Amino acid sequence: MFNYCPQCGSPLRWQECKGRQRQVCPRCHYVLWSNDESKKKQGLSPGLGK
Ligand SMILES: [Zn+2]
């Protein structure tokens, strides 16, 4: 997966933020808070994670 900054169009870098990997723009420091994680959690079958 490869995303671009919605503000300046620069390629986003993976960077650790608060203990989690986030996609951050090296130019304007925009942080992409992906919804994928929450979607994945909701998509998991009940009982798998716990
Ligand atoms: Zn940017």
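Residues numbered from 1 in each chain as written. Predicted model: local features only at pLDDT ≥ 70, side-chain atom pairs only at ≥ 80, totals over all residues. Heavy atoms only, no water.

Trainee: Can you help me understand the coordination of the zinc ion in this one?
Mentor: Six octahedrally arranged donors around a metal ideally form angles of 90 or 180 degrees; four tetrahedrally arranged donors ideally form angles of 109.5 degrees. Every protein donor of the zinc ion is accounted for by Cys5 (SG), Cys8 (SG), Cys25 (SG) and Cys28 (SG), and the metal-donor separations fall at 2.3 Å. Here the zinc ion binds four donor atoms, and the angle range of 100 to 125° at the metal identifies the geometry as tetrahedral. Since its relative accessible area comes to 30%, Cys28 is described here as partly exposed. (Donors = N, O, S within 2.8 Å, 3.2 Å for Na, K, Ca; no water. Tetrahedral: all angles 85-135°; square planar, octahedral: opposite > 155°, others 65-115°. Buried < 20%, exposed > 50% of the residue type's maximum accessible area, 1.4 Å probe, protein only.)

Trainee: I tried to follow the pairing of strand β2 (residues 20–24) on my own but got confused; where do I start?
Mentor: One face of the sheet, then the other: side chains in a regular strand alternate in exactly this way. In this sheet, β2 lies alongside strand β1 (residues 13–17) in antiparallel orientation, the contact comprising five bridges. Each bridged residue has a counterpart across the sheet, and for Trp14 the counterpart in β2 is Gln23. Between β1 and β2, which follow one another and run antiparallel, lie two residues, and Lys18 among them has a positive phi close to 55°. In terms of strand pairing, β2 meets strand β3 (residues 31–32) through two bridges, oriented antiparallel. (Pairing = 2+ DSSP bridges. Helix = DSSP H or I, 4+ residues; strand = E, 2+ residues; numbered from the N terminus.)

Trainee: For this particular structure, what's the right way to read the sheet that holds β3?
Mentor: Strand-to-strand pairing in sheets goes through backbone hydrogen bonds, with the strands running parallel or antiparallel. Strand order across the open sheet formed by three strands is β1-β2-β3, with antiparallel pairing between neighbours. The open sheet has two edge strands, β1 and β3, and neither has a second partner.

No statement about biological role is implied by the geometric values presented.
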